[in-house]
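Remarks on the overall topology
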Amino acid sequence: METQADLTPGDDQFATLQEARSAIENLQDTDYKKLMLIACHFAKNKLKGTIIEPDDLLHQAILKTLNGRRRWNRRFSIIEHLDGVMKSDSGHEADKRTARGFSQLPEDNVESIDQQPSPEALLLIRDELKDLLDLFDGDEIALKLLRLKGDGFSASEIQLELGIEKKHYETVTKRIRRRVIKYLAKGST
C-alpha cells in the first residue's frame, strides 16, 4: 500500500501532469485503437454493455490522468496506465450497480434528491460547459455530436442521427478529444 510520502510531487516514480499530457497527446492512432479494444472489453464484460460507452470509459481515464486524479506511474507505459484506470473505473461502476441491485439499466433515469448537484455546482458546470462549447464554435458536426452524446445517444445512434459513417464519427470524436485535452491543459498550467 502506498503512503502519502510515496506520492510526493517530486517523486520520480510518478509522471508530472505535463509529462502525462505530452504522452497522451503523442498517442498514435494504433494506440487509440488498442485502448478502444480494451475499453470495449471492459464495457462488454464488466458493465454488460450498459451505462458507459467504451469511448466514454477511455475519455474518463484520459481526463482523470490529465487532471491529476489518477497519477501515471512511469514503470508502466501510458497505455498500461490508461488500461488500469479503465479497469478500475469499470470495476467500481459494476460494484456500485451491483450494490444498488441493478443488473440492467433502470427503466427510469430519475435521480434522487441527494444525487442532484447543488445550485452553486450547477452554475460552475454551466460556465464550464459554455467554455467547452465555445471551443467548437463553427464546428457544427462536433457540436451536434456533443449534444447527442449529452442526451445519452450511443455511438451508433449518433451516426444514424447525423447520417455519418463510423470513420467520420471517429474523426470528429478525435477532434473533440484533442480540443478538450488542449483546453484542460491550459486550465492546469
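I will try to describe carefully the structure that is included in this document. Computed from a prediction, not measured in an experiment: that's the story for all the values here.

Scanning the entire structure with this criterion turns up 0 aromatic pairs. Over the ring of Tyr32 we find Arg177; its NZ or CZ atom is 4.2 Å from the centre of that ring.

We now examine the side chain of Asp89. Checked against the element boundaries, Asp89 lands in helix H4 (residues 78–99). Judged by relative accessible area, which is 10%, Asp89 ranks as buried. Once residues lying within four places of it in the same chain are set aside, the contact partners of Asp89 are Leu57, Lys64 and Arg70.

To find the voids left in a structure, one rolls a probe of water-molecule size over its atoms. Its volume calculated, the second largest pocket comes out at about 940 Å³. Surrounding the second largest pocket, 24 residues form its lining, Leu63, Leu129, Leu132, Leu146 and Lys149 being those nearest its centre. Contributing elements (two or more residues each) for the lining of the second largest pocket: helix H3 (54–66), helix H5 (119–134), helix H6 (140–150) and helix H8 (166–188). The element best represented in the lining of the second largest pocket is H8, accounting for 7 residues. Taken together, the residues of the lining of the second largest pocket sort by class into 14 nonpolar, 4 polar and 6 charged.

The next thing to look at is the pattern of salt bridges. All chains considered together, the criterion is met by 8 salt bridges. Residue Lys174 pairs with Asp29 through a salt bridge whose shortest N-O separation is 3.3 Å. Within this pair, whereas Lys174 is found in helix H8, its partner Asp29 is found in helix H2 (residues 29–45), the two being separated by 145 residues in sequence. On the basis of relative accessibility, which here comes to 39%, the residue Asp29 falls in the partly exposed class. Its salt-bridge partner being Asp139, residue Arg179 comes within 3.1 Å of it at the nearest N-O pair. Placement of Arg179 in helix H8 and of Asp139 in the loop between H5 and H6 is noted, with a sequence separation of 40 residues between them. On the accessibility criterion, Arg179 (29% relative accessible area) is partly exposed. Residue classification places Asp139 among the buried positions, given a relative accessible area of 10%.

One can find Leu35 in helix H2. We classify Leu35 as buried; its relative accessible area is 0%. With 47 residues separating them in the primary sequence, Leu35 and Leu82 have C-alpha atoms 7.7 Å apart. Setting aside its immediate chain neighbours within four residues, Leu35 contacts Leu27, Leu58, Ile79, Leu82, Asp83 and Met86.

Glancing now at the side chain of Asp55. Position of Asp55 relative to the elements: it lies in helix H3. Looking at Asp55, the relative accessible area reads 10%, which means it is buried. At 3.5 Å, the side chain of Asp55 forms a polar contact with the side chain of Lys149. Ignoring sequence-local partners within four residues, the contact set of Asp55 consists of Met36, Lys149 and Tyr169.

Okay, the environment of Leu27 next. Within the fold, Leu27 resides in the loop between helix H1 (17–25) and H2. As for Leu27 and Ile79, which are separated by 52 residues in sequence, their C-alpha atoms are 8.7 Å apart. In this view, Leu27 contacts Tyr32, Leu35, Ile78, Ile79 and Leu82; residues no more than four positions away in its chain are not counted.

Reading the values: the criteria
- Residues numbered from 1 in each chain as written.
- Predicted model: local features only at pLDDT ≥ 70, side-chain atom pairs only at ≥ 80, totals over all residues.
- Heavy atoms only, no water.
- Phe/Tyr/Trp six-rings, centres within 6.5 Å; stacked < 30°, edge-to-face > 60°.
- Lys NZ or Arg CZ within 6 Å of the ring centre and 35° of its normal.
- Helix = DSSP H or I, 4+ residues; strand = E, 2+ residues; numbered from the N terminus.
- Buried < 20%, exposed > 50% of the residue type's maximum accessible area, 1.4 Å probe, protein only.
- Contact = heavy atoms within 4.5 Å.
- 1 Å grid on protein atoms, 1.4 Å probe; cavity = no way out; pocket = protein on both sides within 12 Å on 5 of 7 lines; lining within 4 Å.
- Points joined across faces, edges and corners; volume = space filled by probe spheres on them.
- Nonpolar A, V, L, I, M, F, W, Y, C, P; charged D, E, K, R; others polar.
- Salt bridge = Lys/Arg side-chain N within 4 Å of Asp/Glu carboxyl O.
- Polar contact = N/O pair within 3.5 Å; in protein donor to acceptor, adjacent residues only side chain to side chain.

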